Amino acid sequence: MNKSKPILDVCIIGSGYAGLNAARILSSHKIKAEIYSSGYGASQLWAGTFDFLNLDNFKHEKIQNQLEILKDLSPLHPYRNLEYDRVKESFINFSKEFPMIDLFIKDGEFMNKNVLTLIGNLKPCLGVWKTVFNEFESLKPNRIVILVDFIEFNNTSMYLVKKSLEVKFLCEVIIIEISFFELTTLCIDERENTYLNSRLSETRIGRFFDKHCKDLKIFSDFIITILSKKMENSQIPKIEAYLFPPILGLENNIEIIDQLTGLLKKPCRELVALSPSLLSRRLENSFKEILEERNFKIHKPFTLIDIEFNSCQSRKIWILTFKKRNEMEVKVKAKNILIATGSLFSTGCLESSDLMKKTFNKINIDLSNQPTNNFELVHRNSDKSHIYLCGSSIYFFNEDLTDEDEIKFFTGLGLAITTSYNVANFIIKSK
Ligand SMILES: Cc1cc2nc3c(=O)[nH]c(=O)nc-3n(C[C@H](O)[C@H](O)[C@H](O)COP(=O)(O)OP(=O)(O)OC[C@H]3O[C@@H](n4cnc5c(N)ncnc54)[C@H](O)[C@@H]3O)c2cc1C
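In what follows, the accompanying structure is described. What you see is a predicted model, and the numbers here were worked out from it, not measured in a lab.

## Examining the sheet that holds strand S9 (residues 127-129)
Hydrogen bonds between backbone atoms are what pair the strands of a sheet, whose relative direction is either parallel or antiparallel. With respect to topology, three strands assemble into an open sheet ordered S3-S9-S4, the strand pairing being antiparallel. Looking at which strands have only one partner, the edges of the open sheet turn out to be strand S3 (49-50) and strand S4 (101-103). Note that S4 and S9 share three bridges and pair antiparallel. Bridge pairing in S9 places leucine 103 opposite glycine 127.

## So, the site of the ligand
Lining the immediate environment of the ligand, one finds 39 residues, of which Gly16, Gly41, Gly342, Gly391 and Gly412 sit closest. In terms of residue class, the shell around the ligand is made up of 17 nonpolar, 21 polar and one charged.

## Let's talk about the nonpolar core
Counting residues in hydrophobic clusters, the biggest one holds 108 residues, and the most contacted among them are Cys11, Ile12, Ala22, Leu338 and Cys390. With eight residues, the single largest contributor to this core is helix H14 (residues 412-430). A domain split of this core shows at least three residues from each of domain 1 (8-99 + 282-330 + 339-348 + 374-430) and domain 2 (133-271). Those residues in contact with cysteine 390 that lie beyond four places of it in its chain are Ala18, Ala22, Leu338, Ala340, Phe375, Thr419, Ser420 and Val423.

## Points about the environment of threonine 347
When you line up the elements, threonine 347 lands in the loop between strand S17 (329-339) and helix H11 (353-362). Accessibility expressed as a C-beta count within 10 Å gives 18 for threonine 347, which makes it partly exposed. Sequence spacing of threonine 347 and phenylalanine 50 is 297 residues, and the spatial spacing of their C-alpha atoms is 26 Å. Leaving out residues up to four positions away in the same chain, threonine 347 has contacts with Ser38 and Thr303.

## Examining unusual backbone geometry
Between lysine 300 and the following residue, proline 301, the backbone shows a cis peptide bond with an omega angle of -10 degrees. Its identity is not glycine, yet asparagine 142 carries a phi of approximately 85 degrees, on the positive side. With respect to the element layout, asparagine 142 can be found in the loop between S9 and strand S10 (144-150). The exposure class of asparagine 142 is exposed, given the 9 C-beta atoms found within 10 Å. Even without a glycine there, the phi angle at histidine 386 is positive, about 65 degrees.

## Remarks on the sheet that holds strand S11 (residues 172-178)
Spatially, S11-S10-S12-S13 is the arrangement adopted by the four strands of the open sheet, whose pairing is parallel. A strand with exactly one partner marks an edge of an open sheet, and here the two such strands are S11 and strand S13 (268-270). Ignoring which end each strand starts from, the neighbouring axes of this sheet average 25 degrees apart. Two strands pair when backbone bridges link them, and strand S12 (residues 239-244) and S13 are joined in this way by three bridges, in the parallel orientation. If you follow leucine 243 over to S13, its bridge partner there is arginine 269. Sitting on the sheet, helix H8 (residues 217-230) touches S10 and S11, and the angle it makes with S11 is about 125 degrees. Set on the sheet, helix H9 (residues 253-264) makes contact with S12 and S13; between it and S13 the angle comes to about 140 degrees.

Calculation rules
Residues numbered from 1 in each chain as written. Predicted model: local features only at pLDDT ≥ 70, side-chain atom pairs only at ≥ 80, totals over all residues. Pairing = 2+ DSSP bridges. Helix = DSSP H or I, 4+ residues; strand = E, 2+ residues; numbered from the N terminus. Near = placed C-beta within 6 Å. Nonpolar A, V, L, I, M, F, W, Y, C, P; charged D, E, K, R; others polar. Core = buried A, V, L, I, M, F, W, Y, C linked by C-beta atoms within 7 Å. Buried ≥ 20, exposed ≤ 12 C-beta atoms within 10 Å, placed from the backbone. Domains from an automatic or database assignment. Contact = placed C-beta atoms within 7 Å. Axes fitted to C-alpha atoms, helices over the stretch in contact; angles between N-to-C directions.

Such coordinate-based values are descriptive only and should not be taken to indicate function.
Written out as structure tokens, the structure reads:
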């Protein structure tokens, strides 16, 4: 064992949004914490909405009411431990450091609101990346919405968006198809253009817009030229908004959307993807920027393969063994463990429920016991194990909850943010 490694206050396992949010909060209180993670999880697949809770028959109701209804509907749900005030506090704390996410609030209370997805359906959620369209009140008969798509993706889903908007809001929708290759020919030299277009991906498009975010006039002129072939001049003032797939930049997306809005003189917005998209990369990068500024360490790819404890100390010190691919094992000592390993991509000693039970039995934790109200696992000899759960790993650790329960109530990113906030604060107060 590497004796020179200091004992951490908290070892966070998992670098999804639950682990990253816990890291953000602990590091802001100067708690000695580090993340060890195998790397890939559901967070990398995040489609782009901030889902907290959406019970079928209560769409658009206040989140507070939904939370109360859920506690009756599903008494074992991880939200059973969260009072609305604690939920609200976690969202307020999150939105202070992530102003690029719009959380929907009415009369001071958090609400679900619809956003438009790339297949044209309206998805209720608590919030969304700031550049995503949700101003449906502006869509009226006689008004025109322009959908801008890139032909290289051969993506016919814009026709679904068109149909949906026309049926729901009786507005006119015009799709314009742009060749990304043609656009880039106007902006960059031939060599760079061939390279960029040789393996075109959303990331490459995003990076192209980041690089040219200060000068998007060529792009807006390009759109106007194509539009002028499709529309009469007299129709132009009827345009209400320009909608794009969520590929306009990885780092400078808000600036890009603001610039385009200024150049096209109408709101420019993005649609929510229903598949992995740049929206997830943007949120992950925003977390990493905050953590890098605080010199917070994230170790990847390290997979947890065992947990032991050192009983010689007055307080138990956990010893975690991680394996880095084919390299040697690494031991990490910590006073508290925060398990943020999700439910879909658990690996190592958390890969199956049998392996988990074996691992935790060995350290006197019976997983058939429900965790405490603070999401702490219960030790056989005392309430306090100093091993906490957050994010969707809470489902995985609860034998009485099924995969279906996780999907049924739309508790994605909201669960990751609220539980990690509450657990991190509990650890800070207990220190
Ligand atoms: C396709 C898809 C789309 C989604 N879209 C949305 C959406 O639009 N809105 C929404 O609110 N929610 C959405 N969700 C749900 C949301 O993404 C998840 O609920 C959330 O990201 C879970 O975060 P987490 O940190 O709890 O888990 P994860 O993101 O799964 O993170 C777990 C982490 O633990 C690591 N790990 C696992 N085992 C070990 C181990 N033994 N040792 C070390 N590290 C380990 C993994 O590598 C990973 O880094 C979506 C989910 C999917 C699958």
